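Spelled out, the chains give:
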Amino acid sequence: MLKKLSALFLSLCLLASTAACSQTTAQDSSSSSEPASVSSEAEPESTPTPEPTPTPEPEMTEEEYKAACYEGYDYKTLARDPATYVGEYAKFRGEVIQVMEGAGITVLRVNVTQNEYGNWEDTLYVNYIPAEGEPRILEDDIVTIYGEMMELKTYETVMGSSVTIPQIHAQYIDLE
């Protein structure tokens, strides 16, 4: 009886060993032409090396940002050749002619050129995200805008015509 159990055990060991070898050989031949090696320990999976991230530039303070904004842009030059000024910091002073608020964003239309009679003209499209607790901006307010110039903005008027004007993303707006 002991001989039969020993023979059965030996047969099972040989069968298991043969199956394991053929499985390893099949895997190795499909993945590489290197000879198969038998290892009792599983190889650790390699961990990908993370890409280095650039160090972010420190943000400017409000005073530094305002000082970096150029005040002398001519409206007609901005309207004529807007691509030259996209990304440039700019400062404008003007009269708010329209306010649209929603979802934490305020969109303004602001006339930024005062003519010889004291009337405001030359409309700028302004995108602005006001800070928490900041006072609302209303029509007829006189404001100073500090921001970054964007592509021209084309929108449809109430009468159904299209208007294209310079656009700025305001970082800060001061009320007078």
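Sequence order as written defines the numbering, with residues in each chain counted from 1. Side-chain atom pairs in this predicted model are given and counted only at pLDDT of 80 or more, local residue features only at pLDDT of at least 70, and totals for whole chains, interfaces and linings cover all residues. Excluding hydrogens and water, the side-chain figures rest on all heavy atoms present in the structure.

K.L.:
Quick question: what am I supposed to make of the pairing of strand β2 (residues 105-114) here?
P.N.:
Here is the key point about a regular strand: its side chains alternate between the two faces of the sheet. The buried label applies to any residue whose accessible area, calculated with a 1.4 Å probe on protein chains only, is under 20% of its type's maximum; exposed applies above 50%, and partly exposed to all values in between. Going along the chain from the N terminus, every DSSP run of H or I of four or more residues is numbered as a helix, and every run of E of two or more is numbered as a strand. The buried count for β2 comes to 7 of 10 residues, which makes it a mostly enclosed element. One bridge is not enough; two strands pair if DSSP finds at least two bridges between them. Counting the residues in the hairpin turn of strand β1 (residues 89-102) and β2 gives 2 residues, including Ala103, whose phi is positive at 55°. As defined by bridge partners, β2 adjoins strand β3 (residues 120-128) across 8 bridges and the pair is classed as antiparallel. By the bridge assignment for β3, Thr106 is matched with Tyr128.

K.L.:
How do you make sense of the sheet that holds β2 when you look at a structure like this?
P.N.:
Working definition: the strands of a sheet are paired by backbone hydrogen bonds and lie parallel or antiparallel to each other. On the basis of which strands lie adjacent, the closed barrel formed by 5 strands has the order β1-β2-β3-β5-β4 and mixed pairing. Across the sheet, the mean angle from the axis of one strand to that of its neighbour is 45°, orientation sign disregarded. The angle between two axes is taken between their N-to-C directions and runs from 0 to 180 degrees, where each axis is a line fitted to C-alpha atoms and a helix contributes only its stretch in contact.

K.L.:
Sorry if this is basic, but what is going on with the environment of Glu95 here?
P.N.:
Position of Glu95 among the secondary structure elements: in strand β1. Sequence separation of Glu95 and Asn111 is 16 residues, and the distance between their C-alpha atoms is 5.3 Å. Throughout, a contact is declared for two residues whenever any of their heavy atoms are within 4.5 Å. Residues in contact with Glu95, not counting those within four places in the same chain, are Arg109, Val110, Asn111, Trp120, Asp140, Asp141 and Ile142.

K.L.:
Looking at this structure, I do not really get the side chain of Thr144. What am I missing?
P.N.:
With respect to the helices and strands, the residue Thr144 is situated in strand β4 (residues 142-156). Judged by relative accessible area, Thr144 falls into the buried class, the value being 9%. If sequence neighbours within four positions are ignored, Thr144 has contacts with Lys91, Phe92, Arg93, Tyr172, Ile173, Asp174 and Glu176.

K.L.:
Is there a simple way to think about the packing of aromatic side chains in this case?
P.N.:
In this description, a pair of aromatic rings is defined by centroid distance and the angle of the planes. Only Phe, Tyr and Trp rings take part, Trp by its six-membered ring, and two of them pair if their centres are within 6.5 Å. Stacked means planes under 30 degrees apart, edge-to-face means over 60, and tilted covers everything else. Inspection of the entire model under this criterion finds 5 aromatic pairs. Between Tyr65 and Tyr172 the ring centres are 5.6 Å apart and the planes differ by 70°, which places this aromatic pair in the edge-to-face class. Residue Tyr65 is located in helix α2 (residues 62-68), and its partner Tyr172 is located in strand β5 (residues 162-175); the two are separated by 107 residues in the primary sequence. Each of the two residues, Tyr65 as well as Tyr172, counts as buried. Through a chain of ring-to-ring contacts, three or more aromatic side chains come together here, namely Tyr65, Tyr89 and Tyr172.

K.L.:
Is there a simple way to think about the nonpolar core in this case?
P.N.:
As a rule of thumb, soluble globular proteins bury nonpolar side chains together. Residues enter a nonpolar core if they are buried and are Ala, Val, Leu, Ile, Met, Phe, Trp, Tyr or Cys, with the set joined through side-chain atoms within 4.5 Å. Residues Phe92, Val110, Val126, Ile145, Met149, Ile168 and Ile173 are the most contacted members of the largest nonpolar core, which totals 24 residues. Those elements that place two or more of their residues in this core are α3 (75-80), β1, β2, β3, β4 and β5. Here Phe92 is in contact with Tyr73, Leu78, Val112, Leu124, Val143, Thr144, Ile145, Met149 and Ile168, once residues within four sequence places are set aside.

K.L.:
In this structure, what is going on with the pairing of β5? I would like to understand it.
P.N.:
Pairing of β3 with β5 involves 4 bridges; the strand directions are parallel. Paired with Val126 across the strands is Ile168, a residue of β5. Alignment of β4 against β5, held across 12 bridges, turns out to be antiparallel. The residue of β5 that forms the bridge with Thr154 is Thr164. Adjacent in sequence and paired antiparallel, β4 and β5 are bridged by 5 residues, among which Gly160 carries a positive phi angle near 95°.

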